[in-house]
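Structural overview
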Amino acid sequence: MATSTYATIDLASHELSLKIYEFSKHHGIQELSHVRHKLPISSEVYSGGIISYQTIEEICRTLNDFKRILDEWKVNAWKIYATGTLRDAANALVVVDQIKIQTGFNIKILGNSETRFLYYKALALRDPDFHVMIQEGTLIVDIGGGSVQLSIFHEGKLCATQNLLLGASRIQELLQVMQGEAYDFHALIDEYIEKDLILFKKLYLDSITINHIIAVGEMIPEIYYFFKNEKPDFDGKLPHKVLHRGYLARSANPEITGLTTPTLLLCRKIASLTGCEEVTLTKIDLCDSMMAEYAEKKFRLRSSHDFTEDILSTSRNIARKYKVDMLHVENVETLALQIFDRIRKLHGLGRRERLLLQIAVILHSCGTYINEIQSRECSYRIIMSTEIIGISHQEQTLIANTVRYNSSAFPRYEDLDEDFSRDEYITMVKLNAILKTANVLDKSNRHKIKNVGVTLQDGILTITADTMEDITLEKGLFHRKADVFQDVFGIRPMLKQKRSGKNG
């Protein structure tokens, strides 16, 4: 690994932050510089709905200052992200446009699931205790300005995740007007946040005991270093007595007020509801998370934790929630991936699209729980309304549309409601054709065909089903789906039966 520098810039709810890192063979990853500039973004967004032009100008001035710092450090590459607060602003596109015009920076606004996923990757890469803790019940509490994400890990996998509109900035702005009148402001915040947290506990924590809570988010590093300055041997663990309401009230001073107060109160309430004795604060911020993303892509520095399996595990838990026939899903998933893998030269898609196909298969029949006649439309609505950590909003929409037209003709590009590029449209059409072909092989849900052989010769794709079962129904229905497959890939699939007795 040659020595190189990389910078990350985070436009957060309360500040602009720049970090510069060095990657080298001998020293690994080192942080060289950290520059912060406070901004009133969250207070403007959650009180007035927009970011003022004065603040936009200040953002641009600060970014131009950051640009000069990048030149001084001779930075090779950089990335700039914005998160929830800018996403919630009504004039977000105007802000992005002005940043491009005034600074030359192309800023990307991350979706909620993308932001949270970056934090988890950074935790796995930089926290040596992460892999041990998630073997037991572990709750990651990701507190942003606009929302809090609660994610449950158990037996090494992500089991469930839920986003609640209980961010530190939102709580502060909503309750600020009452602070002067309230006898017990902390009790008022407790009352405000309790309902959503209790509902989360009922939905997801009945069968899992939470032994560890890891807190991440915009204000968590600041709180970590506050306690570190107070007590040099502080290791990030806040015991229950420190999270006690009385202690927090006595701690009110300029360093531990503002957004830190609702952040700590959220931690206290979550610990109380789960019965967990302590909360672990992490120093990792979004800049570190962006660095971890870069290290993975550029230098293949990744943790041993399988985040792809987390995405699939979450998808399967969503399917179970809607009483999906999991044996049918597993069978169709196997068939779809066999077809996908054996016609790579025809579809030209990659590993990411393979993952999207898996998710589409897993969730393709969840709408039956709501309405069997309109199951595909209901599946579409469920997927669009359910957060899958690690999947972008655009990918989520792609999956939902792949499922939506599983039983009908895929619409023309010009007739789609959502905004897709032509490449994304072609990807959906290909995944939809594979899903339809695999699904029809188990149309009866009796799992007659568990393994297929796929060969391509003389322009004919032969799918050989190794089974002793009667597949007359599947053969009859397969003919219709073969037309769709031929329209997409230019070759006609044929279904043949082999009776070896090995898979029947």
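Residues numbered from 1 in each chain as written. Predicted model: local features only at pLDDT ≥ 70, side-chain atom pairs only at ≥ 80, totals over all residues. Heavy atoms only, no water.

Overview of the layout of surface pockets
Note the cut-off: Each cavity reported here is a set of points on a 1 Å grid over the protein atoms alone in which a 1.4 Å probe fits but cannot get out, each pocket an open set with protein on both sides within 12 Å along at least five of seven lines, and each lining residue one with an atom within 4 Å of a point. Grid points are joined across faces, edges and corners, and a volume is the space filled by probe spheres set on the points. Numbering of helices and strands starts at the N terminus; helices are DSSP runs of H or I of at least 4 residues and strands are runs of E of at least 2. Residue polarity is assigned by list, with Asp, Glu, Lys and Arg as charged and Ala, Val, Leu, Ile, Met, Phe, Trp, Tyr, Cys and Pro as nonpolar; anything else, Gly included, falls into the polar class.
Looking at the largest pocket, its volume works out to about 1000 Å³. Elements with a minimum of two residues in the lining of the largest pocket: α5 (112–126), α12 (286–299), α13 (307–321) and α16 (351–363). Its residues assigned to classes, the lining of the largest pocket shows 10 nonpolar, 6 polar and 13 charged. Each pocket or cavity is described by its volume, and for the second largest pocket that value is around 870 Å³. What lines the second largest pocket is a set of 43 residues, and nearest its centre among them are Asn 112, Gln 162, Asn 163, Thr 386 and Glu 387. Broken down by class, the residue content of the lining of the second largest pocket amounts to 13 nonpolar, 22 polar and 8 charged.

Observations concerning the sheet that holds strand β11 (residues 278–281)
Selection criterion: A pair of strands is treated as paired once DSSP finds two or more bridges between them. Helix axes are fitted to C-alpha atoms over the stretch in contact, other axes to C-alpha atoms as well, and angles between N-to-C directions run from 0 to 180 degrees.
In spatial order, the strands read β8-β7-β6-β9-β11-β10; together these 6 strands make up an open sheet with mixed pairing. Whereas interior strands pair on both sides, the edge strands pair on one side only; in this sheet they are β8 (157–164) and β10 (237–239). For this sheet the average axis-to-axis angle between neighbouring strands, irrespective of direction, equals 25 degrees. Pairing of strand β6 (residues 138–143) with strand β7 (residues 148–154) involves 6 bridges; the strand directions are antiparallel. The residue bridging Ile 143 from the neighbouring strand is Val 148, located in β7.

Quick notes on the sheet that holds strand β12 (residues 452–457)
By way of backbone hydrogen bonds, the strands of a sheet pair with one another, either parallel or antiparallel. Pairing in this open sheet of 3 strands is mixed, and the strands run β12-β13-β14 from one edge to the other. Each end of this open sheet is capped by a strand with a single partner; those strands are β12 and β14 (492–498). Put simply, the sheet's adjacent strands are angled 20 degrees from each other on average, direction ignored. The pairing of strand β13 (residues 460–466) with β14 spans 7 bridges and is parallel. Note that in β14 the partner of Ile 460 across the bridge is Arg 492.

Focus on the confidence of the model for the chain
Which entries qualify depends on this criterion: Per-residue confidence from the predictor is given as pLDDT, running between 0 and 100. Residue contacts are defined here by distance: any two heavy atoms, one from each residue, within 4.5 Å place the two residues in contact.
The share of residues in the chain with pLDDT of 70 or more is 92%, and the mean pLDDT across the chain is 86. Summarising per-element confidence for the chain, the mean pLDDT is lowest in helix α10 (residues 245–250) (50) and highest in α16 (97). Taken as a whole, residues 252–256 scores under 50 in pLDDT and shows 8 contacts with residues more than four places along the chain or in a different chain.

Brief notes about the pattern of salt bridges
What counts is decided by this rule: Salt bridge, as used here, is a side-chain nitrogen of Lys or Arg placed within 4 Å of a carboxyl oxygen of Asp or Glu. Partly exposed describes any residue whose relative accessible area lies between the buried limit of under 20% and the exposed limit of over 50%, with all areas from a 1.4 Å probe on protein chains only and scaled to the type maximum.
Counting across every chain of the model gives 24 salt bridges. Between Glu 31 and Lys 19 there is a salt bridge whose closest N-O contact spans 3.5 Å. Within this pair, whereas Glu 31 is found in strand β3 (residues 28–38), its partner Lys 19 is found in strand β2 (residues 15–24), the two being separated by 12 residues in sequence. The partly exposed category is assigned to Glu 31, whose relative accessible area is 43%.

Things to note about helix α19 (residues 422–440)
Formally: Given a helix with a known number of residues, its expected span is that number minus one, times 1.5 Å.
A rise of 1.5 Å per residue sets the reference length of α19, with its 19 residues, at 27 Å; its end C-alpha atoms lie 27 Å apart and thus fit the reference within 8%. Of all 19 residues that make up α19, 15 are buried, and the element is covered over most of its length.

A word on the packing of α16 against α19
We count it as follows: Any angle that falls under 35 degrees is termed roughly parallel, while one over 145 is termed roughly antiparallel, one within 65 to 115 roughly perpendicular, and all others oblique. Whether a crossing is left-handed or right-handed is set by the direction in which the near helix is turned from the far one by less than a right angle, anticlockwise for left-handed and clockwise for right-handed.
Closest axis-to-axis distance for the α16/α19 pair is 10 Å, and the angle between their directions is 50 degrees. Classified by the angle between their axes, α16 and α19 sit oblique to one another. For α16 against α19, the interelement crossing comes out right-handed. Along its contact with α16, which presents Glu 353, Leu 356, Leu 357 and Val 361, the element α19 presents Thr 427, Leu 431, Ile 434 and Leu 435.

Let's talk about the nonpolar core
As a reminder of what qualifies: The criterion is simple. A nonpolar core is a set of buried Ala, Val, Leu, Ile, Met, Phe, Trp, Tyr and Cys residues joined through side-chain atoms within 4.5 Å.
One finds Ile 359, Leu 363 and Leu 441 to be the most contacted residues of the largest nonpolar core, which totals 84 residues. Not counting chain neighbours up to four residues away, the residues in contact with Leu 441 comprise Leu 335, Ile 449, Val 452, Ile 463, Glu 474, Phe 478 and Leu 495. Of all hydrophobic cores here, the second largest spans 40 residues; its members include Ile 143, Cys 159, Ile 208 and Leu 264.

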